[in-house]
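Each chain, letter by letter, is given below.
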Amino acid sequence: MCSHPNPSEIQLEARWCPSPVLGIESSCDETAAAVLSREGIVLSNVVSSQVTIHEKFGGVVPELAARAHLEKIDMVVREALVTAQVSKHALGALAVTQGPGLAGSLLVGVNYAKALSYGLGIPIIGINHLQGHIASAWLTDPTFPLPCIVLVVSGGHTHLYRHEVDGRCILLGRTRDDAAGEAFDKGAQMLGLGYPGGPAVDRIARSGDLQAFRFPRFHRTKNNLEFSFSGLKTALLYKLREMDGPLRSHQTADLAASYQEAIVQVLATKAFAALKQSNMAALAVVGGVSANSRLRAVLSERAVREGIRLVLPPIGYCTDNAAMIAAAGRQLLMNGERPHADLDSSPAERFVTILDENRAHIGFSTLRGKEKTNS
Ligand code: KG4
Ligand code: ZN
């Protein structure tokens, strides 16, 4: 049995004893809490969405998001514990999203977790949101192999990594402008499909013809693993101006399907190019956009054809959730990461970048403000 030290002693603990972990996520517009068992099984995964608050504004309003997190967080955490049938006194650690994200929203989650950690005398570990998304790949497939290629596609990120056996994630390429999720959201807005845009485009595209319009597929240069989606968005804008007038529903569906196809094909092409360049046969695709039905179909079909082991988390683990945060925290603790008493939120993207073979790689460990450099 592990006995829990008081918080001032927590950081001196050399080894962490496996026990249930509570994850908390509040980086954007979802208040989430989840409990993982001592073996790493998801016992509960509660998400309170703020869609109804933000939809009338066509996007997330940061002040409203922070206020809603404040109102919901205690209830969401309690529900996660009740569903998991785990008493808060049985928890061995807390994992909380530290950043990147909306400053006010992150503050709510981090301060709530700090108070809980102090009250219970258990360690707290800060998680980089991207690290959480990456961990979601192993939530339902713990046997997924390393090394592998990971594509993170969310509202703020489109990053390709080579995930090494030792846990390091080497950045192979990223978007130079908009993220894939942003391209979906902005495209949806132009098409009058509202917020959140990705699921709306996905839905309407199912009844459209993906070859009706030819939108540009920006690959930058051949064999390059960088992305660019801002030109695609401009192309849709020009197409809409050219069509000039209220769209018939089949036109909206065709535009959505063709626009989506341009995003999907670029993502798939780059992900498979990364596999080839790194001589790897395992691909994980994570983040909100990995919920896209067309992307999932294209990747799955190509993976079967090319003998690639593919993991696509179930939809509930693609979009923001706390199970992935708890999983990332548990993994770090199992690897000997020491929690930090002076944990603070980090809204800006702060990764360690170390030059390795002329490539920047991310040191995915707990962010400790002053020790790390911005990338
Ligand atoms: O990971 P996530 O929930 O939050 C961030 O970390 O950003 O990703 C949100 C993004 C949004 O841009 C949303 O439109 C997109 O994921 N998304 C989708 C789908 N579901 C969510 N994009 C395309 N198709 C979907 N089905
Ligand atoms: Zn996310």
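Below, the structure is looked at part by part.

Thresholds applied
Residues numbered from 1 in each chain as written. Chains lettered and ligands numbered in written order. Predicted model: local features only at pLDDT ≥ 70, side-chain atom pairs only at ≥ 80, totals over all residues. Heavy atoms only, no water. Helix = DSSP H or I, 4+ residues; strand = E, 2+ residues; numbered from the N terminus. Buried < 20%, exposed > 50% of the residue type's maximum accessible area, 1.4 Å probe, protein only. Contact = heavy atoms within 4.5 Å. Areas by Shrake-Rupley, 256 points an atom, 1.4 Å probe, with all protein chains shown as cover. Near = heavy atom within 4 Å. Polar contact = N/O pair within 3.5 Å; in protein donor to acceptor, adjacent residues only side chain to side chain. 1 Å grid on protein atoms, 1.4 Å probe; cavity = no way out; pocket = protein on both sides within 12 Å on 5 of 7 lines; lining within 4 Å. Sits in = over half its atoms within 2 Å of the grid points. Nonpolar A, V, L, I, M, F, W, Y, C, P; charged D, E, K, R; others polar. Salt bridge = Lys/Arg side-chain N within 4 Å of Asp/Glu carboxyl O. Expected span 1.5 Å × (residues − 1). Arc of directions from axis to C-beta. Points joined across faces, edges and corners; volume = space filled by probe spheres on them. Phe/Tyr/Trp six-rings, centres within 6.5 Å; stacked < 30°, edge-to-face > 60°. Axes fitted to C-alpha atoms, helices over the stretch in contact; angles between N-to-C directions. Parallel < 35°, antiparallel > 145°, perpendicular 65-115°, else oblique. Left-handed = near helix turned anticlockwise from the far one by under 90°.

### Some thoughts on the overall build of the chain
Next up, step 1: Counting secondary structure elements, the chain contains twelve helices and twelve strands.
Next up, step 2: Taking all 375 residues of the chain together, the buried fraction comes to 54%.
Next up, step 3: Put simply, 72% of the contacts in the chain that link residues at least 6 apart link residues at least 24 apart.
Next up, step 4: Put simply, the chain shows about 16500 Å² of open surface, and 52% of that area lies on carbon and sulfur atoms.

### Quick look at the site of ligand 1
Next up, step 1: Close contacts around ligand 1 come from 18 residues, with H133, G155, D185, G198 and D202 the closest.
Next up, step 2: Between ligand 1 and the protein, one listed contact pairs a nitrogen atom with a side-chain N or O atom of D202 at 2.9 Å.
Next up, step 3: Measuring from a nitrogen atom of ligand 1, one finds a side-chain N or O atom of N292 at 3.0 Å.
Next up, step 4: Protein coverage of the free-state accessible area of ligand 1, which is 550 Å², stands at 87%.
Next up, step 5: Here ligand 1 occupies the largest pocket.
Next up, step 6: Mapped onto the shell around ligand 1, the elements with two or more residues apiece are helix 5 (129-135), helix 6 (180-190) and helix 7 (197-205).
Next up, step 7: Residues that form the shell around ligand 1 fall into these classes: five nonpolar, ten polar and three charged.

### Points about the pattern of salt bridges
Next up, step 1: Tallying each qualifying case throughout the model produces 14 salt bridges.
Next up, step 2: Residues R206 and D202 are paired through a salt bridge, measuring 3.2 Å at the closest nitrogen-oxygen approach.
Next up, step 3: With its nearest N and O atoms 3.2 Å apart, the salt bridge here joins E242 to K239. Of this pair, E242 and K239 both sit in helix 8 (residues 230-243), three residues apart, roughly one helical turn.
Next up, step 4: Counted as one network, the salt bridges with shared partners bring together D178, E182, K186 and K233.

### Notes on helix 8
Next up, step 1: For helix 8, built from 14 residues, the straight-helix expectation of 20 Å at 1.5 Å per residue is met to within 8% by its first-to-last C-alpha distance of 20 Å.
Next up, step 2: All buried positions along helix 8 are accounted for by L232, K233, A235, L236 and L240. Angular distribution of buried residues about the axis of helix 8 spans 155°; they occupy a single face of the element. Residues of helix 8 that are exposed and point more than 90 degrees away from the buried face comprise Y238, R241 and E242.

### Details of the layout of surface pockets
One water molecule sets the probe size; rolling that probe over the atoms shows where empty space is left.
Next up, step 1: A volume near 1100 Å³ is recorded for the largest pocket.
Next up, step 2: Taken together, 40 residues form the lining of the largest pocket, with D29, S154, G155, D185 and P196 sitting closest to its centre.
Next up, step 3: Counting residues per element, the ones that place at least two in the lining of the largest pocket are helix 5, helix 6, helix 7 and helix 11 (315-318).
Next up, step 4: It is helix 6 that contributes the most residues to the lining of the largest pocket, six residues altogether.
Next up, step 5: A breakdown of the residues in the lining of the largest pocket according to their chemical character gives 13 nonpolar, 20 polar and seven charged.
Next up, step 6: Here the second largest pocket is characterised by a volume of approximately 730 Å³.

### Observations concerning the packing of aromatic side chains
Next up, step 1: This structure, assessed with the given rule, holds four aromatic pairs.
Next up, step 2: Between F213 and F215 the ring centres are 6.4 Å apart and the planes differ by 35°, which places this aromatic pair in the tilted class.
Next up, step 3: Its relative accessible area of 3% is what places F215 among the buried residues.
Next up, step 4: An aromatic cluster of three or more residues is present, and its members are F213, F215 and Y259.

### Notes on the packing of helix 3 (residues 62-84) against helix 4 (residues 103-120)
Next up, step 1: Across the interface, helix 3 lies against helix 4 with an axial gap of 8 Å and an inter-helix angle of 30°. Accordingly, the angle class assigned to the pair helix 3 and helix 4 is roughly parallel. The two elements helix 3 and helix 4 cross, and the hand of that crossing is right-handed. Along the contact surface, helix 3 presents A65, A66, H69, L70, I73, D74 and V77, while helix 4 presents G104, S105, V108, G109, Y112 and L116.
Next up, step 2: The class makeup of the residues in the contact of helix 3 with helix 4 is eight nonpolar, four polar and one charged.

### Section: the packing of helix 6 against helix 9 (residues 249-278)
Next up, step 1: As a packed pair, helix 6 and helix 9 sit with axes 11 Å apart at the nearest point and diverge in direction by 175°. Taken together, the axis directions place helix 6 and helix 9 in an arrangement best described as roughly antiparallel. Contact residues: helix 6 offers A180, A183, F184 and G187, while helix 9 offers Y259, Q260, I263 and L267.
Next up, step 2: Its residues placed into classes, the contact of helix 6 with helix 9 shows six nonpolar, two polar and no charged.

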